[in-house]
Amino acid sequence: MLPDVPALDRVLDYVLPDALVVDAAAPVVGTIVRVPLQSRRERGWVVATDRGSPPGVRLRAVTRVSSRGPGPELVELAGWAAWRWAGRRTTFLRAASPLRSVGRLPASALRPPPPVVEPDVAWAESIADALVGGPRVLRLPPDADPLPLLLAATARGQALILTPAQHDARQLVTRLRRAGVAAVHHPERWADAAAGVTVVGSRAAAWAPAPDLAVVVVLDEHDERYQDERAPTWHARDVVVERARRAGVPCVLVSPIPTLEALAAGPLVAPSRAVERQGWPVVEVIDRRRDPDPLRSGLYSERLGAALRSGGVAAVILNRKGRAKLLACNACRALATCDRCGAALAAPDAEHLSCPRCGATRPPVCAACGATRLKLLRLGVSRMRDELEALLREPVVEVTAETEGLGGPGGAGGPGRRGGTGETAAARVFVGTEALLHRLGSADVIAFPDLDGDLLAPRYRSAERVLAQLTLAARRLGGRGGSRLVLQTRQPDPDAVRAVLLADPGRFSAAEDERRRALRLPPHTSMAVLSGPGAVELADRLRAVGAEVRGPADDRFQVRAANAAALADHLAAAGRPPDRVRIAVDPLDV
């Protein structure tokens, strides 16, 4: 039995009295029980049976069989995940356990799958190709409805469907039920899922019970919400890929912009270029280098102002937090960027330019023309809403966490055509951070006035994050029609912008893969970041077992290995130091 005690990652032996096995769940691997531990009764999971007692030792008895729990296959998977992300098995067994005690499974939940219906969509052939064999990456345009794929998947039997947000999962359950599919939402309907019903949920649903698993589908695989920010930093995509491999069932990773990690997991399936182009909106790129005086002009160019005045619901996205300070040449107006990794350069002193992403340094000279005078671009002023309101001469609403009346996935009512309430009902133009895209129902124009601040942020996934934001904006705009995605930049053809402009995410993937390979970044290596009081000792232990350790930098160490298995073996061999240490395996924010 493995106690549910964070500080105790040890299997303990107990004996199960026959009197406890009456109406409770059978004492098989995964069953949740209560056991005496010192002076308390603790919850735990049965992880092995019939081990036998050591000679001369009298085992204490289990006090209660509490509930059904994760099946034997999930108990084994939890052990793999603990090795893969340098965590404890209890973290994953908790995610795989029901919220409330479950005794018997509901017999009414066992329903046959609906008959197979040929999907009536332009990309029907891609569905058939994606549901064959091992992991497949299905690249669909942003406006594609995933329901035909899900119906084809559930026709095979019990399906495990992941989506980034809980409200999206509930909507999918409703749509599947209307189509005749027995589907439930995780984690509320854990018992029905354990009875063999198709289960839909967000990140934690990777650990949902699925005894008759026939297929796994991960929607919007690129979404960062699939990775837990807390240690262990496990990723739901990697969990279900391994789970599907062990079960021998298809696993479909769906995304308009598949990550390099997904493309490394399996072959790509995509519809025709004509179908894919129709699923992306019209994109207008405004090159601020062509402004009469780009270094003194404001945040909003004349073309951007004209686009926002064109009518319909408009949204302006400006990410104020975590942005790079941009330096531009006073002579040729080129941005000061790193020749090695492309990030924005900072000026720590008058003698050097430094890259906060890869650490490269160079003299304060423009790489384009050789000039030595650089100017700081002060983007994202605090009065941006007031400036835009003065520019458009109409009300502009700045959307924050407290703003009410927004429609779309995250709100009730809605802006513009969705008929919101109060201030939002009177406004046509909205400004906010990326969170606005998650709360917006739909729009006619979405503008990014300061795309460079996000593209050049000192994170190796900055361009990938920008592409994800642009993809979400494209989904809110719909396919090609009267809507427009307006992008302002001072860079010549950024890969992320080029991919959206041409409706060809493959261009970005190829360029990003080449850059990551040259810099030895995931998925071409596996990485862990160590922090906390015990980081120094753990770093020394890892060096002793042959791991590549860099640092310290900002009181953190970076560990790299050729692949995830090699990194996991190094961390397992080093063990845990007595002092507290946080191990973030393949973190997104580096």
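Note that the structure is a prediction, hence the values are computed from the model and not measured. (Residues numbered from 1 in each chain as written. Predicted model: local features only at pLDDT ≥ 70, side-chain atom pairs only at ≥ 80, totals over all residues. Heavy atoms only, no water.)

Turning next to the overall build of the protein. For the protein, the count of helices and strands is 19 helices and 26 strands. By residue count, 53% of the 590 residues in the protein fall in the buried class. Restricting to contacts in the protein with at least 6 residues of sequence separation, those with at least 24 account for 73%. Carbon together with sulfur atoms contributes 49% to the accessible area of the protein, which is approximately 26,000 Å² in total. (Helix = DSSP H or I, 4+ residues; strand = E, 2+ residues; numbered from the N terminus. Buried < 20%, exposed > 50% of the residue type's maximum accessible area, 1.4 Å probe, protein only. Contact = heavy atoms within 4.5 Å. Areas by Shrake-Rupley, 256 points an atom, 1.4 Å probe, with all protein chains shown as cover.)

Helices that pack against each other are described as a pair by the angle of their axes relative to one another and the distance between those axes. Where helix α10 (residues 302-309) contacts helix α11 (residues 384-392), the axes come no closer than 10 Å and their chain directions differ by 70°. The angle between the axes of α10 and α11 places the two elements in the roughly perpendicular class. Across the interface between the two elements, Gly305, Leu308 and Arg309 from α10 touch Leu388, Leu391 and Leu392 from α11. Counted by class, the contact of α10 with α11 contains four nonpolar, one polar and one charged residues. (Axes fitted to C-alpha atoms, helices over the stretch in contact; angles between N-to-C directions. Parallel < 35°, antiparallel > 145°, perpendicular 65-115°, else oblique. Nonpolar A, V, L, I, M, F, W, Y, C, P; charged D, E, K, R; others polar.)

Where helix α1 (residues 72-84) contacts helix α7 (residues 236-247), the two axes come as close as 11 Å, and the packing angle between them is 135°. Comparing their axes, α7 and α1 come out oblique. Where α1 crosses over α7, the handedness of that crossing is right-handed. Contacts from Leu74, Glu76, Leu77, Trp80 and Arg84 in α1 reach Asp238, Val239, Glu242, Arg243 and Arg246 in α7. (Left-handed = near helix turned anticlockwise from the far one by under 90°.)

Core analysis: the biggest nonpolar cluster contains 60 residues, and Leu162, Trp207, Leu530 and Leu542 have the highest contact counts within it. Top contributing element to this core by residue count: α1, with seven residues. Setting aside anything within four residues of it in sequence, one finds leucine 530 in contact with Ala535, Leu538, Ala539, Leu542, Asp555, Arg556, Phe557, Val559, Arg582 and Ile583. Judged by nonpolar contacts, the second largest core, of 34 residues, contains Ala315, Leu455, Leu470 and Ala473. (Core = buried A, V, L, I, M, F, W, Y, C linked by side-chain atoms within 4.5 Å.)

This part takes up the pattern of salt bridges. In the structure shown here, the tally under the stated rule is 38 salt bridges. Measuring nitrogen to oxygen at the nearest pair gives 4.0 Å for the salt bridge that ties arginine 89 to aspartate 9. On the criterion of sequence distance, the pair formed by arginine 89 in helix α2 (residues 89-95) and aspartate 9 in the loop between β1 (2-3) and β2 (32-37) is long-range, its members being 80 residues apart. With a relative accessible area of 25%, arginine 89 lands in the partly exposed category. Taking the shortest distance from any N to any O, the salt bridge between arginine 362 and aspartate 339 comes out at 3.7 Å. Highlighted residues: arginine 362 in strand β17 (residues 361-362) and aspartate 339 in the loop between β14 (326-329) and β15 (346-349), separated in sequence by 23 residues. You can call arginine 362 buried: its relative accessible area is 16%. You can call aspartate 339 exposed: its relative accessible area is 64%. One network of salt bridges, in which partners are shared, links Glu261, Arg461, Glu464, Glu512, Arg515 and Arg516. (Salt bridge = Lys/Arg side-chain N within 4 Å of Asp/Glu carboxyl O.)

Before going further, it helps to spend a moment on the sheet that holds strand β13 (residues 314-317). The six strands are arranged β12-β22-β21-β13-β20-β19 in an open sheet whose pairing can be described as parallel. The open sheet is flanked by β12 (282-287) and β19 (396-398), the only strands paired with a single partner. Looking at each pair of strands side by side, their axes are set apart by 20° on average, direction ignored. In this fold helix α15 (residues 462-477) packs onto β13, β21 (445-448) and β22 (484-489), with an angle of close to 165° to the strand it touches most, β21. (Pairing = 2+ DSSP bridges.)

All right, on to the confidence of the model for the protein then. Low-confidence regions, as indicated by low pLDDT, have predicted coordinates that should not be scrutinised in detail. Considering every residue of the protein, the mean pLDDT works out to 85; 88% of them sit at 70 or more. Predicted confidence is poor over residues 411-421, with pLDDT under 50, and the contacts of this stretch with residues over four places away or in other chains come to 38 contacts. (pLDDT = per-residue confidence, 0-100.)

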